[in-house]
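Examining the three-dimensional arrangement
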Amino acid sequence: IVSSARAATMICRLWQRRYDTLPDFVVVEGCLAGGHLGFAKEELLAGTAPALETIVTQVTAALQPFEAQANRRIPVFAAGGVWGGQDAARLAAAGAAGVQIATRLIATTECDASQTYKDTLIAAQQQDILLVHSPVGMPGRALRTPLTKTLALGESVPHKNCVGCLVPCPRASARYCIVQALIAAVQGDVQNGLFFCGANAWRLDGMYCVAEVLSNIMTEWR
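Scope of this entry: the structure provided in the associated data block. The model shown is predicted, which means the values in this text are computed figures rather than measured ones. (Residues numbered from 1 in each chain as written. Predicted model: local features only at pLDDT ≥ 70, side-chain atom pairs only at ≥ 80, totals over all residues. Heavy atoms only, no water.)

Notes on the nonpolar core
Membership of the largest hydrophobic core comes to 31 residues, with the highest contact counts inside it found for Val-28, Val-56 and Val-59. Of all the secondary structure elements, the ones that give two or more residues to this core are helix H1 (5–19), strand S1 (26–29), helix H3 (52–70), strand S3 (76–79) and helix H9 (210–221). (Core = buried A, V, L, I, M, F, W, Y, C linked by side-chain atoms within 4.5 Å. Buried < 20%, exposed > 50% of the residue type's maximum accessible area, 1.4 Å probe, protein only. Helix = DSSP H or I, 4+ residues; strand = E, 2+ residues; numbered from the N terminus.)

In structure tokens, the structure reads:
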């Protein structure tokens with residue numbers, strides 16, 4: 001998963017040198033994605049981060065020399081703020097082989113997140129979606145919840161049983177444990193959960209089954 005052509009090139013070169021292999025595919029994640037974001041917070045707040053179509057085009061071009069060496073395609077899938085078939089068609093025109101959709105599929109009957117998690121997303125308004133600071137030093141997009149309000153006040157949330165999941169996390173000085181907060185959200189703990197979501201989460205208007213969502217997307221795409 002990359003957010004720039006430079007990152008895609010660096011990873012391909014590293015994999016070639018160390019493992020004599022190349023990616024089977026690449027996911028290009030834009031600035032409207034949920035969770036950790038590969039952009040500076042200043043870019044995100046100012047709206048100056050590059051558009052997803054732009055990054056897809058750049059990454060697709062950067063992968064061409066590696067495709068030639070491997071004599072095979074390295075498909076690019078676009079992610080981050082992809083909502084419907086019109087988005088998919090636009091990104092396909094930019095060179096994407098397909099799209100990755102996450103937030104819209106949380107509010108489906110098949111998703112194994114708790115119903116509280118789904119209901120919290122469905123109830124969210126546009127102003128409830130904000131950028132948070134992750135203990136690993138990256139900005140992330142999530143819903144406004146009691147946890148994010150506590151952190152915004154400069155307070156810390158006690159945590160224990162650190163498993164050392166992410167190397168950049170300062171652990172001892174971290175203001176909260178992101179793993180515990182994400183697990184709490186999936187389990188439906190609104191008070192202590194960190195509800196990562198894409199920028200379009202406010203567009204969720206109810207529960208659907210996966211077949212309905214995909215049928216709608218594919219009809220629009222065609």
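That covers the picture; the talk isn't over yet.
Re the sheet that holds strand S4 (residues 98–100)
What holds strands together in a sheet is hydrogen bonding between their backbones, with the strands either parallel or antiparallel. Judged by pairing direction, the sheet is parallel, and its 3 strands sit side by side in the order S1-S3-S4 without closing on themselves. What marks the edges here is a single partner per strand, and that holds for S1 and S4. Taking the axes of each pair of neighbouring strands and ignoring which way they run, one obtains an average angle of 35° across the sheet. Relative to S3, S1 runs parallel, the two being bridged by 4 bridges. (Pairing = 2+ DSSP bridges. Axes fitted to C-alpha atoms, helices over the stretch in contact; angles between N-to-C directions.)

Remarks on the layout of surface pockets
If you add up the space inside the largest pocket, you get close to 300 Å³. Along its surface, the largest pocket is lined by 21 residues, and Ala-33, Gly-34, Ala-102, Thr-103 and Gly-198 are the ones closest to its centre. Of all elements in the fold, only strand S2 (35–36) and helix H5 (103–106) reach the threshold of two or more residues within the lining of the largest pocket. The greatest single-element share of the lining of the largest pocket, amounting to 3 residues, is contributed by H5. Taken as a whole, the second largest pocket encloses approximately 210 Å³ of empty space. For the second largest pocket, the full set of lining residues is Lys-41, Leu-130, Leu-131, Val-132, His-133, Ser-134, Pro-135, Thr-148, Leu-151, Ala-152, Arg-175 and Tyr-176. (1 Å grid on protein atoms, 1.4 Å probe; cavity = no way out; pocket = protein on both sides within 12 Å on 5 of 7 lines; lining within 4 Å. Points joined across faces, edges and corners; volume = space filled by probe spheres on them.)

Focus on the sheet that holds strand S6 (residues 139–143)
Spatially, the 3 strands line up as an open sheet ordered S2-S6-S5, and their pairing is antiparallel. Taken across any chain shown, the strands that pair with only one partner, and hence form the sheet edges, are S2 and strand S5 (129–133).

Concerning unusual backbone geometry
The residue Asp-20 is not glycine, and still its phi comes out positive at about 55°. Relative to the assigned elements, Asp-20 resides in the loop between H1 and S1. We classify Asp-20 as exposed; its relative accessible area is 69%. The phi torsion at Asn-71 lies on the positive side, around 55°, for a residue other than glycine. Residue placement: Asn-71 occurs in the loop between H3 and S3. For Asn-71, a relative accessible area of 71% translates into the label exposed.

Considering helix H4 (residues 85–93)
All buried positions along H4 are accounted for by Gly-85, Asp-87, Ala-88 and Leu-91. Seen end-on, H4 carries its buried residues on one side only, within an arc spanning 155°. In H4, the exposed residues that point more than 90 degrees away from the buried face are Gln-86 and Ala-93. In this structure, the buried side of H4 is in contact with H3, S3, S4 and H9. Looking one or two places after H4, you find Gly-95, whose phi comes out positive at around 120°. (Arc of directions from axis to C-beta. Contact = heavy atoms within 4.5 Å.)

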